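# An overview of the molecular structure
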Amino acid sequence: MMAKKWLAGSLMLIVMSVFVLAGCGGEKENSANTSSGASDKPVASASVLDEIKSRGKLIVGVKYDTKLFGLKNPANNEVEGFDVDIAKALAKSILGDETKLELKEVTSKTRIPMLDNNEIDLIVATMTITEERKEQVDFSDVYFKAGQSLLVKKGSAIKSIDDVTKGTKVLAVKGSTSVDNIIEKAPDATVLEFDNYQDAFAALKAGQGDVLTTDNAILYGMMAQDAGYEVVGEPFTDEPYGIAIKKGKTALVEAVNKELAALKASGDYNKIYEKWIGTAPTE
Ligand code: GLU
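In this report, we go over the structure that sits alongside the text.

Let's shift gears to the packing of helix α3 (residues 82–95) against helix α9 (residues 250–266). Axis separation between α3 and α9 bottoms out at 10 Å; the angle between their running directions is 110°. Viewed along their axes, α3 and α9 adopt a mutual orientation that is roughly perpendicular. For α3 against α9, the interelement crossing comes out right-handed. The residues of α9 that touch α3, namely those facing Ile86, Ala89, Leu90, Ser93 and Ile94, are Leu252, Ala255, Val256, Glu259, Leu260 and Leu263.

Read across the open sheet, the five strands follow the order β11-β10-β12-β9-β13; overall the sheet is mixed. Two strands close off the open sheet at either side, each with one partner strand: β11 (190–194) and β13 (229–232). Across the sheet, the mean angle separating the axes of adjacent strands is 35° when strand polarity is ignored. In the sheet, strand β9 (residues 148–153) pairs with strand β12 (residues 211–215) via four bridges, with the strands oriented antiparallel. In the sheet register, glutamine 148 faces β12, and the bridge partner there is aspartate 215.

So, about the packing of aromatic side chains. This structure, assessed with the given rule, holds 12 aromatic pairs. Each ring, one from phenylalanine 82 and one from phenylalanine 144, has its centre 5.2 Å from the other, and the planes form 65°; the classification is edge-to-face. Pair noted here: phenylalanine 82 is in helix α3 and phenylalanine 144 is in strand β8 (residues 144–146), with a separation of 62 residues, a long-range link. Relative to tyrosine 273, the ring of tyrosine 269 has its centre 6.1 Å away and its plane inclined at 45°; by these criteria the two rings are tilted. Of the two residues, tyrosine 269 and tyrosine 273 both sit in helix α10 (residues 268–277), four residues apart, roughly one turn of that helix. Here the two residues tyrosine 269 and tyrosine 273 agree in accessibility, since each one is buried.

Moving on, we get to the site of the ligand. Near the ligand there are 16 residues, and of these Ser108, Thr126, Thr128, Tyr197 and Asp215 occur at the shortest range. Contacts to the ligand include threonine 177, whose backbone N or O atom sits 2.8 Å from an oxygen atom. Within the side chain of tyrosine 197, one N or O atom sits 2.7 Å away from an oxygen atom of the ligand. Against a free-state accessible area of 280 Å², the protein chains account for coverage of 100% of the ligand. Of all the cavities here, the one that holds the ligand is the largest cavity. Where the shell around the ligand is concerned, the elements lending two or more residues are α6 (177–185) and β12.

What follows is about the sheet that holds strand β7 (residues 137–139). Taken together, the five strands give an open sheet; going across it, the order is β5-β1-β6-β15-β7, and neighbouring strands pair in mixed fashion. Unpaired on one side and paired on the other, β5 (101–105) and β7 mark the two borders of the sheet. The pairing of β7 with strand β15 (residues 244–246) spans three bridges and is classified as antiparallel. What sits directly across from valine 137, in β15, is lysine 246. Taken strand by strand, α3 contacts β1 (58–62), β5 and β6 (122–123), and its axis lies near 165° from that of β1. Against the sheet, α9 touches β6, β7 and β15, its axis set at about 160° to β15.

Moving on to the pairing of β1. Residues in a regular strand project their side chains so that they alternate between the two faces of the sheet. The buried fraction of β1 amounts to five of the five residues, a majority that puts the element mostly inside the structure. Of the pairings in the sheet, the one linking β1 to β5 comprises five bridges and is parallel in character. In the sheet register, valine 62 faces β5, and the bridge partner there is glutamate 105.

In this section: the environment of threonine 130. Residue position: threonine 130 is located in the loop between β6 and α5 (131–134). For threonine 130, a relative accessible area of 21% corresponds to the partly exposed category. Residues threonine 130 and threonine 177 lie 47 residues apart in sequence; the distance between their C-alpha atoms is 8.6 Å. Threonine 130 has contacts with Phe139 and Thr177, leaving out every residue within four places of it along the chain. Polar side-chain contacts of threonine 130 include one of 3.0 Å to the backbone nitrogen of arginine 133.

About the criteria used
- Residue positions are given per chain, counted from 1 along the sequence in the order it is written.
- Totals for whole chains, interfaces and linings use every residue, but because this is a predicted model, local features are given only for residues with pLDDT of at least 70 and side-chain atom pairs only at 80 or more, for both listing and counting.
- The side-chain quantities take in all heavy atoms of the structure and omit both hydrogens and water.
- Axis geometry follows a simple rule: fit a line to the C-alpha atoms, using only the stretch in contact for helices, then measure angles between N-to-C directions, giving values from 0 to 180 degrees.
- By definition, any uninterrupted DSSP run of H or I lasting at least four residues is a helix, any uninterrupted run of E lasting at least two residues is a strand, and each is numbered from the N terminus.
- Should an angle fall under 35 degrees it is called roughly parallel, over 145 degrees roughly antiparallel, and 65 to 115 degrees roughly perpendicular, with every other angle called oblique.
- Each helix crossing is assigned a hand: it is left-handed if the near helix lies turned anticlockwise from the far helix by less than a right angle, otherwise right-handed if that turn is clockwise.
- Between two residues, a contact is recorded if the distance between any of their heavy atoms is within 4.5 Å.
- Being paired, for any two strands, means DSSP has found at least two bridges between them.
- For Phe, Tyr and Trp, rings pair up if their centres lie within 6.5 Å, where Trp contributes its six-membered ring, and each pair is then called stacked (planes under 30 degrees apart), edge-to-face (over 60) or tilted (otherwise).
- The buried label goes to any residue with under 20% of its type's maximum accessible area, the exposed label to any with over 50%, and the partly exposed label to all in between, with areas taken from a 1.4 Å probe on protein chains only.
- Proximity is defined per residue: any heavy atom of the residue falling within 4 Å of a molecule or strand makes that residue near it.
- Whenever two N or O atoms come within 3.5 Å, that pair is a polar contact, provided that in protein one can donate a hydrogen and the other can accept it, and provided that, for residues adjacent in sequence, both atoms are side-chain atoms.
- Computed with a 1.4 Å probe, the accessible areas rest on the Shrake-Rupley method; for each residue, only the protein chains presented here act as cover.
- Grid points spaced at 1 Å and placed over the protein atoms alone form the basis of the search, with a cavity being a set where a 1.4 Å probe fits but cannot get out and a pocket an open set showing protein on both sides within 12 Å along at least five of seven lines. Lining residues have an atom within 4 Å of a point.
- Molecule-in-pocket calls rest on the fraction of atoms, with more than half required to lie within 2 Å of the cavity or pocket grid points.

Written out as structure tokens, the structure reads:
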């Protein structure tokens, strides 16, 4: 009888201490959440810029495989292109020095997750502003206007989007607007998706598809890499590019927009445009 009582008492104690411990753990977790959560709150304006300034560099996600926008030059390991020059101008305006810039490679599929994980401050990577993406990230003002088009081997029977029909094999890149658009415009075609643009272009050259689709500006870069290929037909979508910023970093959006406006006002935007695209911007 005594032993039973003792046993019941001890069990009670054990159960109680488990509750107390769990409670403590819970509290600890809560307080940890509160303190780390503070930086996830819509960051009070200046602090986003302060963080970048105290770090001493702006970290920007750019393409490494997209000629004219962001392409790694194997001769000197430099990443070069329109987007890279825009990133340099932003580093100069935020940190006073265009070399205070760290570039990280993104693809169409990895760029939003990398921004979400705080691996990069900005995405400057041929990224179209869309309503769907606006639910995930904030965008700057439009800094480049492209439109989706088609790249084929010279002499191909495909001359425009109307020729992309049942049986046409279309090559595109995962996570791009190009995939959704081509499915909408040519629902009977077969779409093959690749991780990046060099893989998609290699597949076109290897005859794995009839046509590669993405923004005309990117396709012009491929034409410059291999004269055996050409852009056909008129662009069939509007692809306004924006610089993407993690939601809540309002001060950074403002700083980026201010610099984009300054670049346009000074004429430097036109210089960068002409350097890479070869013509003046259309407006
Ligand atoms: N501008 C399109 C997009 O944002 C195609 C280019 C790209 O894949 O980055 O998806």
